[in-house]
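Residue-level listing of the chains:
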Protein chains: 6
Amino acid sequence: MIYLTRKEHFNAAHRLYNPKFTEQQNLGVFGKCANYNFHGHNFDLFVTVKGTPNPDTGFVMNAQTLSKLMKKEVVERLDHKNLNLDVPEFENKMVSTEIVVQQIWNWLETKINAHGCYLHCVKLYETENIYVEYFG
Amino acid sequence: MIYLTRKEHFNAAHRLYNPKFTEQQNLGVFGKCANYNFHGHNFDLFVTVKGTPNPDTGFVMNAQTLSKLMKKEVVERLDHKNLNLDVPEFENKMVSTEIVVQQIWNWLETKINAHGCYLHCVKLYETENIYVEYFG
Amino acid sequence: MIYLTRKEHFNAAHRLYNPKFTEQQNLGVFGKCANYNFHGHNFDLFVTVKGTPNPDTGFVMNAQTLSKLMKKEVVERLDHKNLNLDVPEFENKMVSTEIVVQQIWNWLETKINAHGCYLHCVKLYETENIYVEYFG
Amino acid sequence: MIYLTRKEHFNAAHRLYNPKFTEQQNLGVFGKCANYNFHGHNFDLFVTVKGTPNPDTGFVMNAQTLSKLMKKEVVERLDHKNLNLDVPEFENKMVSTEIVVQQIWNWLETKINAHGCYLHCVKLYETENIYVEYFG
Amino acid sequence: MIYLTRKEHFNAAHRLYNPKFTEQQNLGVFGKCANYNFHGHNFDLFVTVKGTPNPDTGFVMNAQTLSKLMKKEVVERLDHKNLNLDVPEFENKMVSTEIVVQQIWNWLETKINAHGCYLHCVKLYETENIYVEYFG
Amino acid sequence: MIYLTRKEHFNAAHRLYNPKFTEQQNLGVFGKCANYNFHGHNFDLFVTVKGTPNPDTGFVMNAQTLSKLMKKEVVERLDHKNLNLDVPEFENKMVSTEIVVQQIWNWLETKINAHGCYLHCVKLYETENIYVEYFG
């Protein structure tokens, strides 16, 4: 089993705010991330697939194909978007990085299986100091 | 003359959109950056000051003091903010990185002079692939 | 299960030297790291916690809370310190990165459990070319 | 069990091309990587070993020893080389990063066991956006 | 005057070898870089332009336009190429990074002037430890 | 004129403390950096030389030669050392990064001139957030 990881990135706005909380509770839990007018991040996305290299290509999966898949399934949906307002899958959800990685997994899993290998990990950097990983 | 540089960072949302342009013109010039609901970035800010080291401290300027000044004058104003909506100085302006560095220079210049050295450069990374510098 | 990682850093001096060894043996095993007057590093610390996101916040653990915990339990004890002389827990021990990560795990484990999630990994960079990981 | 990782790097040329494919197939599968005259990369190599720290040194394995081993067994064979033409082990093989990490594992495994610990992972960056991992 | 910098990258093979030198002299001067079968690098290219921001856009130059220009004029010519064999401009020249930055300047200068600003600097990283700058 | 930059690094301990100040003044000015038992850093050193490329080599200066010079004149003196106690040139001086870059300039300038080019800049990172530059 060999693991191949590809990095892509997207820039997006978001806000952490729970309408069930009071204004005071939102500030207490989310701090500056609750700002009504949104803030944003450069998100770095690392997707890891695993499998056995094809002897004719040496590839677990063609990294160029993986890049295109990540761009089509993830970057086109999230890049230069407002995660709270522009992405139907996040309607009525907290748009934390934890929730975003699970959604990215759902967008990618079957598409990657179709290439004869397995999705192993979705890793998303919100800043250079915070990242989240999901292994399905 | 010695040059001292300190890095701080802030996360913010913004939108590039000129109300004098048609919707079509805005899309043509600003592309995805014109998204009505905003997008965002992790901005990395590098401020360079220059001067002669004080023989009693070895410092051009105390890097801890420079850090506090950058946090008070810049980060508190811009971090987790919407540059178009939350910052009075950017009202009715294009909020490109070029415009932001000039404003940061204005916030910092006299405060740094008060410490016996000179502001040399404000450098701002919008992404790891794009940065802007201003030397006054 | 979702994994959340937060990075903090501290700067410290240390020395690798075993009093049971001769001077010659110390030099042979530890090389320049045995310097009597100490040397130092910028240590980058990555702490990973795991758990199920709280549906009201979207968080495995509030990254701001994790940051404060790392600062209180680790950074305050080790930042701008001499690991051999200033830290009681390292008295009479080799202060290798391997030993330091285990101590950091001990300082953090129960504090993180108190937030409803689990400590998964302590990863410590001594330089950009050497890092150590401990999973408990 | 503690995990120690050391980074080394090498610069090499290679080409992805399968002589069983037509020219058209090679271009379709490998794109620009099929260029007859080769292209190249700065490869960053991370080797992770695991074991129990020796109480007399605090080390799973002496990082200096690991560095020398990686230089002797890997860097001397691959640095400033053409992976297709200069390395006997890659003769008649696709020289993808997937194939290279397996070969590096084979060069290192028994040498690392001889130091009382285990090879855990060989991780190789082809570019900053693509890396491959092998765990044996 | 504001300075805008954009990063692009390309991967290429090259060889440092002067046919006027003996084999021994080539080895003495260029070391491993003289390998007959070539080696290669991931080159990171930073291009800096300078000018006055257009008040209607806030831009010295549209960073998207600069990116396209760098891709068309530089990346398409050099990416996944052999600098010695595939690039007519380098025929019968030493293909050191110093020579490459001057050629990149020549490809870009008039194209950038056509956008109402000036080319300020071409900076090229050969590895993370070596870079070369040219200011015209 | 072409500019060539080479990076090397060293790890060292130091302390910022002025014996003319009271204990209270030292704490007020230097904060945690005044710790009696020292702290330390991974210092990244960038040296830039400038000149005209030699047409026979394409080099302003052989980067391998520059690397060896930096190792001999700087790294051997400072790596795994205590800047306050182990380096005669820093005796009775404040060992701030500002003072260190000037000393590095003095060690290198004539040695670089001997290779037919000029020392342009010594840049030293104390942490990833603080660096100092000296241009002579």
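Residues numbered from 1 in each chain as written. Chains lettered and ligands numbered in written order. Predicted model: local features only at pLDDT ≥ 70, side-chain atom pairs only at ≥ 80, totals over all residues. Heavy atoms only, no water.

**Looking at the overall build of chain A**
For clarity, the cut-off: Numbering of helices and strands runs from the N terminus; a helix is a DSSP stretch of H or I covering at least four residues, while a strand is a stretch of E covering at least two. Summary of the burial criterion: residues with accessible area below 20% of their type's maximum are buried, those above 50% are exposed, and those between are partly exposed, where the area comes from a 1.4 Å probe applied to protein chains only. Values of accessible area rely on a 1.4 Å probe in the Shrake-Rupley scheme; residue burial ignores everything except the protein chains shown. His is not counted, nor are the chain ends, whereas Lys and Arg count as positive and Asp and Glu as negative. All charge positions are set by atom: Lys at NZ, Arg at CZ, Asp at CG, Glu at CD.
What chain A contains, in helices and strands, is 4 helices and 5 strands. In chain A, the succession of helices and strands from N to C terminus is β-α-β-α-β-α-α-β-β. Principal-axis analysis of the C-alpha atoms gives chain A an extent of 60 × 25 × 25 Å. Sorting the 136 residues of chain A into buried and exposed places 62% on the buried side. Here chain A displays about 5,600 Å² of accessible surface, and carbon together with sulfur accounts for 49% of that area. When the 14 basic and 15 acidic side-chain charges of chain A are each reduced to a single mean position, those positions are 2 Å apart.

**Quick notes on the relation of the copies chain D and chain E**
Our working definition: Least squares is the method for superposing the copies, and the C-alpha atoms it fits come from residues with pLDDT of at least 70 in both.
By a simple turn and slide, chain D fits onto chain E: the slide is 0.0 Å along the axis, the RMSD is 0.0 Å, and the turn is 180 degrees. Expressed as an axis order, the relation between the two copies is that of a two-fold axis.

**A few points about helix H2 (residues 63-78) of chain F**
Helical periodicity: at 3.6 residues per turn, an α-helix aligns residues three or four positions apart in one direction. Residues and elements named next belong to chain F. Here is the rule: Each helix should span, by expectation, one fewer than its residue count multiplied by 1.5 Å. What is called the bend at a residue is the angle between a pair of axes, fitted to the seven residues leading up to and ending at it and to the seven starting from it.
An ideal rise of 1.5 Å per residue puts 22 Å on 16 residues; H2 measures up with 21 Å between its terminal C-alpha atoms. Of all the bends in H2, the greatest measures close to 40 degrees and is centred on Lys-71. Among the residues of H2, those classed as buried are Ala-63, Leu-66, Ser-67, Leu-69, Met-70, Glu-73, Val-74, Val-75 and Leu-78. Just past H2, the residue His-80 takes up positive phi, approximately 60 degrees.

**Some points on the arrangement of the chains**
We count it as follows: Contact between two residues is taken to exist if any of their heavy atoms lie within 4.5 Å; hydrogens are not considered.
At the C-alpha level, the nearest point of chain B lies 12 Å from chain D, with no contact between them. The closest approach of any C-alpha atom in chain D to one in chain F is 14 Å; the two make no contact.

**Quick look at helix H4 (residues 97-113) of chain A**
The terminal C-alpha atoms of H4 of chain A, which comprises 17 residues, lie 24 Å apart, in line with the 24 Å expected from a rise of 1.5 Å per residue. Considering bend angle alone, the principal kink of H4 of chain A is centred on Trp-107 of chain A and spans about 30 degrees. Considering only its buried residues, H4 of chain A is in contact with strand E2 (39-51), helix H2 (63-78), helix H3 (83-86), strand E4 (118-127) and strand E5 (130-134) of chain A together with strand E1 (2-14) of chain C.

**Observations regarding the relation of the copies chain B and chain A**
Rotating chain B by 180 degrees and translating it 0.0 Å along the rotation axis places it on chain A, where the RMSD comes to 0.0 Å. Most of the interface of chain B is mirrored in chain A: 100% of its interface residues are interface residues there too.

**A closer look at the packing of aromatic side chains**
Our working definition: Pairing of aromatic side chains here covers Phe, Tyr and the six-membered ring of Trp, requires ring centres within 6.5 Å, and sorts the geometry by plane angle: under 30 degrees stacked, over 60 edge-to-face, intermediate tilted. Two conditions define a charge sitting above a ring: the NZ of Lys or the CZ of Arg must be within 6 Å of the ring centre, and it must be within 35 degrees of the ring normal.
Following the criterion strictly, the structure yields 48 aromatic pairs over all chains and no others. Between Phe-46 of chain B and Tyr-125 of chain B, the aromatic rings sit 5.7 Å apart at their centres with planes inclined by 55 degrees, giving tilted as the arrangement. In this pair, Phe-46 of chain B is assigned in strand E2 (residues 39-51) and Tyr-125 of chain B in strand E4 (residues 118-127), connecting sequence segments 79 residues apart. Residue Phe-46 of chain B is classed as buried on the basis of its relative accessible area of 13%. Seen from their ring centres, Tyr-125 of chain C and Tyr-131 of chain C are 4.7 Å apart, and the 40 degrees between their planes marks the pair as tilted. The residues Tyr-125 of chain C and Tyr-131 of chain C share a single accessibility class, namely buried. Through a chain of ring-to-ring contacts, the aromatic side chains of Phe-21 and Phe-30 of chain A together with Phe-59 of chain C assemble into a single cluster. The ring of Tyr-17 of chain A has Arg-15 of chain A lying over it, and the distance from NZ or CZ to the ring centre is 3.9 Å. Above the face of the Tyr-131 of chain D ring, Lys-123 of chain D is positioned so that its terminal group lies 4.4 Å from the ring centre.

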